[in-house]
Amino acid sequence: MIGLIVSGHLNFASGMASAVKAIAGEQEDIAFIDFVESISPDELEEKMREAIDSMSCQQYLFLTDLPGGTPCNRAMAIMMQNPAVEVLAGVNLPMIVNATFEREGCSTAELVQTLREIGQESIQDIREQLAQINSNDVEEEDGL
């Protein structure tokens, strides 16, 4: 199983934690670490390292909010020192939830690829979709 560490600015991680719990239930080997104003970047990195140390996994994946933000950069620093760590930035709730379901029996590279696809597919323009549905309905009525 791949250990997951979710981190982001302010209450990103704790918000995701409550959503993940509601959708996927309690999960093992997953940590949610908020980067709030009261902690320094060094303290954030220490919490990230402690999260890895608390898990009994062979591989770890950081899921962070903003590419280039402090949580991403600190996770990247850990990745550069530990070949068992990967980092995916710019994540959304569908990606995090699916990570909990897909993280057994695969490598971090496979999980990252799956999550990237899910992330891209989950971004949808609802007005565009409704227009497409309406367009298809008109074509069916006209027999086209």
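Predicted, not measured: the structure shown is a model, and the values here were computed from it. (Residues numbered from 1 in each chain as written. Predicted model: local features only at pLDDT ≥ 70, side-chain atom pairs only at ≥ 80, totals over all residues. Heavy atoms only, no water.)

## Description of the overall build of the protein
Tallying secondary structure elements over the protein gives six helices and four strands in all. Overall, the protein shows an N-to-C arrangement of helices and strands of β-α-β-α-β-α-β-α-α-α. Along the first, second and third principal axes, the C-alpha atoms of the protein reach 65 × 35 × 30 Å. Within the span of the protein, comprising 144 residues, buried residues form 38% of the whole. Contacts in the protein between residues far apart in sequence, at least 24 positions, make up 72% of those at least 6 positions apart. Here the protein displays about 8300 Å² of accessible surface, and carbon together with sulfur accounts for 49% of that area. (Helix = DSSP H or I, 4+ residues; strand = E, 2+ residues; numbered from the N terminus. Buried < 20%, exposed > 50% of the residue type's maximum accessible area, 1.4 Å probe, protein only. Contact = heavy atoms within 4.5 Å. Areas by Shrake-Rupley, 256 points an atom, 1.4 Å probe, with all protein chains shown as cover.)

## Focus: the nonpolar core
Judged by nonpolar contacts, the single largest core of 22 residues is most densely connected at Leu4, Leu61, Leu63, Leu88, Ile96 and Leu115. Looking at this core, the elements with two or more residues in it are β1 (2-9), α1 (12-24), β3 (59-64), α4 (93-102) and α5 (108-122). With five residues, α1 is the single largest residue contributor to this core. Ignoring sequence-local partners within four residues, the contact set of leucine 4 consists of Asp29, Ile30, Ala31, Met55, Leu61, Leu63, Ala99, Thr100, Arg103 and Leu111. Membership of the second largest hydrophobic core comes to 16 residues, among which are Phe35, Ile39, Met48 and Ile52. (Core = buried A, V, L, I, M, F, W, Y, C linked by side-chain atoms within 4.5 Å.)

## A few points about the UniProt feature "domain: PTS EIIA type-4" (unreviewed entry) in the protein
Taking the UniProt record as the reference, the feature "domain: PTS EIIA type-4" (unreviewed entry) is found at residues 1-123. Between the first and last C-alpha atoms of residues 1-123 the distance is 27 Å; the span itself is 52% helix and 20% strand. (UniProt positions renumbered as here; feature names shortened; annotations may be inferred.)

## Brief notes about the sheet that holds strand β4 (residues 85-89)
What the four strands build is an open sheet, ordered β2-β1-β3-β4; its pairing is parallel. For this open sheet the edge positions go to β2 (30-35) and β4, each flanked by a neighbour on one side alone. Shown here is a sheet whose adjacent strand axes are inclined to one another by a mean of 20°, direction ignored. Of the strands in this sheet, β1, β2, β3 and β4 are in contact with helix α3 (residues 70-81), which crosses β4 at around 160°. Taken strand by strand, α5 contacts β1, β3 and β4, and its axis lies near 25° from that of β3. (Pairing = 2+ DSSP bridges. Axes fitted to C-alpha atoms, helices over the stretch in contact; angles between N-to-C directions.)

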